Amino acid sequence: MRARIAWLSEHGKPEPTLVNAARSAGYELILPPALGINPAIARAAIIDVRRSATPACSARDLLNKSALAGRPGVTVILARQDLKLSERQALQNSGNIVFDYASSTAVIARLRQQMRINSLAEEASERLKAAMNTALPADTASLTPKKQSPSILFAGAPSPITASALYHLRAYSPVSVLTAGQTLRALENKNFDAIVFSPSEENDLLYALARTLMRHARFSTIPIFAVSQNMEIVRAFSSIGADAYPSEIIDNYFAHRVGRAAQRGRLARGLRHFLHSTRNAIMSASPATSATFFATQIHQLIRRRSMDPTPFSMIGITLVAKPNTTTTSNTEKIESAELAELCTKACRLEDAIVPLNSKSIVIITPSTNWHDATRIAARLTGVLAGRTTGDNNPSAYIPVTDIVEHKAGEGAQALLARLLDQLRTSTRHFNTALSSSL
């Protein structure tokens, strides 16, 4: 289980399709207080006001009664599409609205996307504390972006709904392009805070591009919107986590939503830059500074878990020299310098990479259980095993990985000792197996 999600509604339990969609994504829906579960353990909330006569008041009341009001986290609100403009504007102050034309899969996709951004913010906060504690040099300028109008990219061929959307977005002076190819070129040349797609047909390449951008590390935190007169297109974009709108509700609320999301997108880009700068600082810091940072980071995660059951894991990686391989000093230098850098290709920005020595590193993965950490470790193994040195010569080393998930009540020293013990055992077994195969 990745996280618990509170279900708040005046009208009963969630639909089975929503429960199944949440379970497939690794989330557990809880119904406080009916099941006797403290709602404070939830990392997010889904509020159902689709059958409420006063949606905004109902959303506030449900949050207040659940003890979730004011807590940092993600709130997704399920609402009717036919709400008046004033009702939508009032409701948006309580959370991220998903209208009733979206499927259960779309609700969970939006929830996951918002939790991803929230995770970036949490880790940036913890990383800033650790950097202050260890005097680690970090670029904090990106956390206070210059005050200017958010940058919005609009992609789509001319049509009545395109004209309507651009009219309502005119205050932000969006950059307009026509095709998926032009969209990619625009993204390569400039940083945008939000993207609005207006596909002309169901098989428009803009849909494939939106899916790709959401999975790309660089663009995954950019809010993506979609507008269309075709409800099938609206539902398709909703299913991947985009904020999709039919032509009936392209109005001032839509423009306000895009503007607010763009502001968050700009902040998320600053958080990414900060996390990247601290990661580089950690990898180039002295062993004493790295050790202090590592200890601070682990203690912060353990403290956070004492208040929130969200798991975290650690991955240990060591490079084992291949038998009968002579390594030159140049190869040693390349291996030592590239190990941590190569690991960044398979890790999230919130994952802290801490070198132990020239051939071993530890990766701290917040909000990650053992199962998810094994997938990250598999990607790391593939990246490290596939690298070459010098003139395309195969690497002289083979990566060995091991994973531990933090247990409730376990201290930092015990956790690290467990990881290193498992890593030594795995390395010993690997060497024995490799020698017997020769």
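Residues numbered from 1 in each chain as written. Predicted model: local features only at pLDDT ≥ 70, side-chain atom pairs only at ≥ 80, totals over all residues. Heavy atoms only, no water.

Engineer: I'm lost on the overall build of the protein in this one. Help?
Structural biologist: When you go through the protein residue by residue, the secondary structure sums to 13 helices and 16 strands. Long-range contacts, defined here as pairs at least 24 residues apart, represent 73% of the contacts in the protein between residues at least 6 apart. (Helix = DSSP H or I, 4+ residues; strand = E, 2+ residues; numbered from the N terminus. Contact = heavy atoms within 4.5 Å.)

Engineer: Would you mind showing me how to read the layout of surface pockets here?
Structural biologist: Taking a probe equal in size to a water molecule and rolling it over the atoms shows the remaining empty space. One number sums up the size of the largest pocket: a volume of about 1500 Å³. Lining of the largest pocket is provided by 40 residues; of these, Arg112, Arg116, Met214, Ser220 and Arg348 occupy positions nearest its centre. The residue makeup of the lining of the largest pocket, split by class, is 13 nonpolar, 13 polar and 14 charged. (1 Å grid on protein atoms, 1.4 Å probe; cavity = no way out; pocket = protein on both sides within 12 Å on 5 of 7 lines; lining within 4 Å. Points joined across faces, edges and corners; volume = space filled by probe spheres on them. Nonpolar A, V, L, I, M, F, W, Y, C, P; charged D, E, K, R; others polar.)

Engineer: Would you explain helix 7 (residues 205–215) in this entry?
Structural biologist: In an α-helix there are 3.6 residues to a turn, and that puts residues three or four apart on one side. Considered for burial, the residues of helix 7 that qualify are Leu206, Leu209, Ala210, Leu213 and Met214. Taken end-on, helix 7 shows its buried residues confined to a sector of 135 degrees, consistent with a single buried face. Residues of helix 7 that are exposed and point more than 90 degrees away from the buried face comprise Leu205 and Arg215. Taken together, the buried residues of helix 7 touch helix 4 (104–134), strand 6 (152–156), helix 6 (180–189), strand 8 (194–198), strand 9 (224–228) and helix 8 (231–239). The opening residue of helix 7 is aspartate 204, an N-cap whose side-chain oxygen sits 2.9 Å from the backbone nitrogen of leucine 206. (Buried < 20%, exposed > 50% of the residue type's maximum accessible area, 1.4 Å probe, protein only. Arc of directions from axis to C-beta. Polar contact = N/O pair within 3.5 Å; in protein donor to acceptor, adjacent residues only side chain to side chain.)

Engineer: Whenever I open this one, the pattern of salt bridges confuses me. Can you help?
Structural biologist: Once the charged atoms of two side chains with opposite charge are near each other, the side chains can pair. In this structure the tally under the stated criterion is 19 salt bridges. We note a salt bridge from glutamate 15 to arginine 50, for which the minimum N-O separation is 2.8 Å. Separated by 35 residues along the polypeptide, glutamate 15 in the loop between strand 1 (3–9) and helix 1 (16–24) and arginine 50 in the loop between strand 3 (44–48) and helix 2 (55–66) bring together distant segments of the chain. Using a relative accessible area of 22% as the deciding quantity, one classes arginine 50 as partly exposed. Among the ionic pairs, arginine 116 bridges to glutamate 350, the shortest N-O distance being 2.7 Å. With arginine 116 in helix 4 and glutamate 350 in the loop between helix 11 (329–343) and strand 12 (352–357), the pair connects residues that are 234 residues apart, well separated along the chain. (Salt bridge = Lys/Arg side-chain N within 4 Å of Asp/Glu carboxyl O.)

Engineer: Help me out: how do you make sense of empty space enclosed by the protein in this one?
Structural biologist: Overall, the coordinates contain four cavities of 30 Å³ or more when judged by the stated rule. In this structure, the largest cavity encloses a volume near 130 Å³. Within the residue set of the lining of the largest cavity, elements represented by two or more residues are helix 4, strand 9 and helix 9 (252–284). Considering each element in turn, the lining of the largest cavity owes the most residues, four residues, to helix 4. Tallied by class, residues from the lining of the largest cavity come to six nonpolar, four polar and four charged.

Engineer: What's the story with the packing of aromatic side chains in this structure? I'm lost.
Structural biologist: The relative placement of two aromatic rings is captured by the distance of their centres and the angle of their planes. Under the counting rule described, the total for this entry stands at nine aromatic pairs. Taken together, a centroid distance of 6.4 Å and an interplanar angle of 15 degrees make the contact between phenylalanine 225 and tyrosine 245 stacked. Of this pair, phenylalanine 225 sits in strand 9 while tyrosine 245 sits in strand 10 (residues 243–246); the two residues are 20 residues apart in sequence, bridging distant segments of the chain. Across the pair, exposure class does not vary: phenylalanine 225 and tyrosine 245 are buried alike. Among the aromatic residues, those joined into a ring-pair cluster are Phe99, Tyr101, Phe225, Tyr245, Tyr253 and Phe254. (Phe/Tyr/Trp six-rings, centres within 6.5 Å; stacked < 30°, edge-to-face > 60°.)

Engineer: Sorry, what's going on with the nonpolar core here?
Structural biologist: Leu91, Phe197, Tyr245 and Phe254 are the most contacted members of the largest nonpolar core, which totals 60 residues. Residue contacts for leucine 91: discarding those within four places in its chain leaves Val49, Pro55, Ala56, Ala59, Ile77, Ala79, Leu83 and Ile97. (Core = buried A, V, L, I, M, F, W, Y, C linked by side-chain atoms within 4.5 Å.)

Engineer: I would appreciate a short explanation of the sheet that holds strand 8 in the present structure.
Structural biologist: The strands that make up a sheet are held in pairs by hydrogen bonds between backbone atoms, and each pair lies either parallel or antiparallel. Here we have five strands laid out as an open sheet, ordered 7-6-8-9-10, and parallel in their pairing. Single-partner strands in this sheet number two, and they are strand 7 (175–177) and strand 10. Ignoring strand direction, the axes of neighbouring strands in this sheet form an average angle of 20 degrees. On top of the sheet, helix 8 reaches strand 8, strand 9 and strand 10; it is set at about 170 degrees to strand 10, its chief contact. (Pairing = 2+ DSSP bridges. Axes fitted to C-alpha atoms, helices over the stretch in contact; angles between N-to-C directions.)

Engineer: Help me understand the sheet that holds strand 3, please; the structure alone is not making it clear to me.
Structural biologist: In spatial order, the strands read 2-1-3-4-5; together these five strands make up an open sheet with parallel pairing. This sheet does not close on itself; its edge strands, each paired only once, are strand 2 (27–30) and strand 5 (96–99). This sheet shows a mean twist of 25 degrees between the axes of neighbouring strands, independent of strand direction. The pairing of strand 3 with strand 4 (residues 74–79) spans five bridges and is parallel. Following the sheet pairing, isoleucine 46 is matched in strand 4 by valine 76. Its contacts with the sheet place helix 1 against strand 1, strand 2 and strand 3, and it is angled at close to 140 degrees to strand 2.

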